[in-house]
Amino acid sequence: MRPIALSKKPRAYIPKEFRDEENPPEFTLRSISRREMLQIQANHPQRLSVTDDLAKIQVALASIEGKKPDEITEEDLSVLSGLDLTPMVQASLNTLNIHLEVLQRCLSGWKNVPVSDTEFLSFDKESIEYLDAAIITELANEVMGVVSPEESENLEEVSASQSGPEMRNGAAETA
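Small disclaimer: the values here were computed from a predicted structure and weren't measured.

Novice: Explanation requested: the environment of Asn 23 in the structure shown.
Specialist: Of note, Asn 23 is situated in the loop between strand S1 (11-13) and strand S2 (26-29). Spatially, the C-alpha atom of Asn 23 lies 9.9 Å from that of Val 113, the residues being 90 residues apart in sequence. A polar contact of 2.9 Å, which involves the side chain of Asn 23, links it to the side chain of Asn 112.

Structure below.
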């Protein structure tokens, strides 16, 4: 029988980077419900338009592609003049805030989280934002059920759409 519900049961999770270590950091997580996720997203609306700035970055990258650093000219980079990074920084902050709110709801503990060679961070919901940004992202993605491109290659069903599960080729599965 295929699963038709998320488990509310907390589970142990070891970040990918630490899975080969003898005493890795271990986090206790649960899945987030669709309702909880929609509430969080409603609290953090994205109203940013970065299309023009992304286009400028793409033009600049295309002009320097394959060049050595000493071959890049001011003309190559002139397209970046007037580039406003504020919307991109705001988008990153918004994403981080969503991840932190997801973890506030779904992270219930951790152990072996090093601060230094001799000190470990004790679990406290207020300390979540002090975790490494990459760990925050990985944990939030695990809670939300985000599937990485590498993981999707190993799955029969890659995603679910409003019309039902989709197969690897993108076609909707029919009964």
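Right, picking up where we left off after that structure.
Novice: It is not clear to me how helix H5 (residues 133-144) should be interpreted in this structure. Could you clarify?
Specialist: Given a rise of 1.5 Å per residue, 12 residues ought to cover 16 Å, and the 16 Å separating the end C-alpha atoms of H5 matches this to within 8%. Contacts made by the buried residues of H5 are with S1, S2 and helix H4 (86-106). Residue Asp 132 occupies the N-cap position of H5, its side-chain oxygen lying 2.9 Å from the main-chain nitrogen of Ala 134. Positive backbone phi, approximately 80°, marks Gly 145, located one or two places after H5.

Novice: It is not clear to me how the side chain of Arg 30 should be interpreted in this structure. Could you clarify?
Specialist: Turning to its location among the elements, Arg 30 is positioned in the loop between S2 and helix H1 (34-43). Polar side-chain contacts of Arg 30 include one of 3.4 Å to the backbone oxygen of Arg 105. Dropping the residues within four chain positions of it, Arg 30 is found in contact with Lys 8, Lys 9, Pro 10, Arg 11, Glu 36, Arg 105, Cys 106 and Val 143.

Novice: What should I look at first to understand the nonpolar core in this one?
Specialist: Taken as a class, soluble globular proteins show a tendency for nonpolar side chains to be buried jointly. Core analysis: the largest hydrophobic core is formed by 22 residues, its most contacted members being Phe 27, Val 102, Leu 103, Leu 131 and Leu 139. Among the elements of the structure, S2, H1, H4, strand S3 (107-111) and H5 are those that each provide at least two residues to this core. Excluding its chain neighbours within four sequence positions, the residues that come into contact with Leu 131 are Phe 27, Trp 110, Val 113, Leu 121, Ile 136 and Leu 139.

Novice: Please explain the confidence of the model for the chain as it appears in this structure.
Specialist: Low pLDDT marks stretches whose predicted atomic positions should not be read closely. Model confidence for the chain is summarised by a mean pLDDT of 82, while 81% of its residues fall at 70 or above. Within the model, the stretch residues 170-175 combines pLDDT values under 50 with 9 contacts to residues more than four positions away or in other chains.

Novice: Which parts of the structure should I look at to understand the pattern of salt bridges?
Specialist: Side chains that carry opposite charge are capable of pairing whenever their charged atoms lie near each other. What the rule picks out here adds up to 4 salt bridges. Note that Arg 11 is salt-bridged to Glu 142, the shortest N-O span being 3.6 Å. Residue Arg 11 is located in strand S1, and its partner Glu 142 is located in helix H5; the two are separated by 131 residues in the primary sequence. By relative accessible area, Arg 11 is classed as partly exposed at 26%. For the salt bridge of Glu 26 with Lys 111, the shortest nitrogen-to-oxygen distance reads 3.8 Å. Here Glu 26 is found in strand S2, whereas its partner Lys 111 is found in strand S3, with 85 residues between them in sequence.

Thresholds, definitions, all that
Residues numbered from 1 in each chain as written. Predicted model: local features only at pLDDT ≥ 70, side-chain atom pairs only at ≥ 80, totals over all residues. Heavy atoms only, no water. Helix = DSSP H or I, 4+ residues; strand = E, 2+ residues; numbered from the N terminus. Polar contact = N/O pair within 3.5 Å; in protein donor to acceptor, adjacent residues only side chain to side chain. Expected span 1.5 Å × (residues − 1). Contact = heavy atoms within 4.5 Å. Core = buried A, V, L, I, M, F, W, Y, C linked by side-chain atoms within 4.5 Å. Buried < 20%, exposed > 50% of the residue type's maximum accessible area, 1.4 Å probe, protein only. pLDDT = per-residue confidence, 0-100. Salt bridge = Lys/Arg side-chain N within 4 Å of Asp/Glu carboxyl O.

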